[in-house]
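# Observations on the model geometry
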Amino acid sequence: MTATRLLIVGPQGSGKGTQGVLVAEAFGVPVVSTGDIFRANIKDGTELGRKVTAILDAGDLVPDEVTSEIVRDRLSQDDAAAGFLLDGYPRNTVQVDHLDAFLGARGEGLDAVVLLDVPRRESIARIAKRAAEQGRSDDTEEAISNRLDIYESETAPIIDVYGARGIVDRIDGVGTLDEITERIFAALEARGLVRVAA
Ligand code: AMP
């Protein structure tokens, strides 16, 4: 069986969480979302959760070594052997190096990086809507603007790194949910990646 190893990237409010779940399901791989892992630890009151609460609330990044260790553990689990979809990691070039080292040691690499392209104004509008609906503690105005700034200064540069490897699919992230999902499917299938579900 061929494994499918994906990363979905986009600014906060680009819909990457929602699309990531749909794409992972279609390609038969688990979603590995660092944001979800941190939030679950906060909710469960674990030691890690206590360590990262203030960082998430401010919209800052958890230290790279802590985050990379969590991802290495998660990707070492059996269900990730046949592939995975990373959401929210790597988020800067240091984390790209960590992931490269980990996957490289296993003779693996990412097959595709889905970049959801959404203008900043649209992202802010979508996050504001989610804040009203879900009440995430890091969806305050200050934390949102901090997260978007970090995206532009730290995360956007990883697109160039992966772009140089020829694995980035830039997807127009404006449209209906279904339209955007179809665009992603088309791009991944054009790379020869095979869906297991409709
Ligand atoms: P997300 O759900 O991806 O928007 O992540 C929510 C928060 O979790 C971020 O604002 C960061 O505080 C933290 N976080 C998630 N992924 C990472 C990462 N790769 N590196 C550092 N911090 C992260």
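Worth saying up front: this structure is predicted, and the values here are computed from it rather than measured.

Let us now look at the UniProt feature "binding site: ATP" (unreviewed entry) in the protein. As annotated by UniProt and renumbered to match this structure, "binding site: ATP" (unreviewed entry) occupies Gly 13, Ser 14, Gly 15, Lys 16, Gly 17, Thr 18, Arg 130 and Gly 175. For Gly 17, the position within the fold is in helix α1 (residues 16-27). By the element assignment, Arg 130 lies in helix α6 (residues 120-134). When near neighbours in sequence (up to four residues on either side) are disregarded, Arg 130 contacts Gly 135, Arg 136, Asp 139 and Arg 147.

Attention shifts here to the side chain of Asn 92. Position of Asn 92 among the secondary structure elements: in the loop between β3 (83-87) and α5 (93-105). A polar side-chain atom of Asn 92 sits 2.8 Å from the main-chain amide nitrogen of Gln 95. Among all residues touching Asn 92, those that are not within four sequence positions of it are Leu 61, Asp 64, Glu 154 and Ile 158.

As a further point, take the pattern of salt bridges. Under the definition given, this model contains 17 salt bridges. A salt bridge links Glu 122 to Arg 126; its shortest N-O distance comes to 3.1 Å. With Glu 122 and Arg 126 both in helix α6 and 4 residues apart, the pair spans about one turn of that helix. Note on Glu 122: relative accessible area 30%, which makes it partly exposed. Counted as one network, the salt bridges with shared partners bring together Arg 5, Arg 106 and Glu 108.

This part is about the site of the ligand. Taken together, 16 residues surround the ligand, and among them Thr 34, Arg 39, Asp 60, Gly 88 and Gln 95 come closest. In this structure, a nitrogen atom belonging to the ligand sits 2.8 Å away from a main-chain N or O atom of Gly 88. One of the side-chain nitrogen or oxygen atoms of Gln 95 is found 2.9 Å away from a nitrogen atom of the ligand. Coverage of the ligand by the protein chains reaches 97% of its 490 Å² of free accessible surface. The biggest single contributor to the shell around the ligand is helix α2 (residues 34-44), with 4 residues. For the shell around the ligand, the per-class residue count stands at 5 nonpolar, 5 polar and 6 charged.

Extensive coverage of strand β1 (residues 4-9) is indicated by the burial of 6 of its 6 residues. Side chains of β1 alternate between two faces, with Thr 4, Leu 6 and Ile 8 and Arg 5, Leu 7 and Val 9 buried alike. One ladder, built from 5 bridges, connects β1 with β3; its direction is parallel. Looking across to β3, one finds that Ile 8 is bridged to Asp 87. The pairing of β1 with strand β4 (residues 112-117) spans 4 bridges and is parallel. For Leu 7, the partnering residue across the bridge sits in β4 and is Val 113.

Conventions and cut-offs
- Residues numbered from 1 in each chain as written.
- Predicted model: local features only at pLDDT ≥ 70, side-chain atom pairs only at ≥ 80, totals over all residues.
- Heavy atoms only, no water.
- UniProt positions renumbered as here; feature names shortened; annotations may be inferred.
- Helix = DSSP H or I, 4+ residues; strand = E, 2+ residues; numbered from the N terminus.
- Contact = heavy atoms within 4.5 Å.
- Polar contact = N/O pair within 3.5 Å; in protein donor to acceptor, adjacent residues only side chain to side chain.
- Salt bridge = Lys/Arg side-chain N within 4 Å of Asp/Glu carboxyl O.
- Buried < 20%, exposed > 50% of the residue type's maximum accessible area, 1.4 Å probe, protein only.
- Near = heavy atom within 4 Å.
- Areas by Shrake-Rupley, 256 points an atom, 1.4 Å probe, with all protein chains shown as cover.
- Nonpolar A, V, L, I, M, F, W, Y, C, P; charged D, E, K, R; others polar.
- Pairing = 2+ DSSP bridges.

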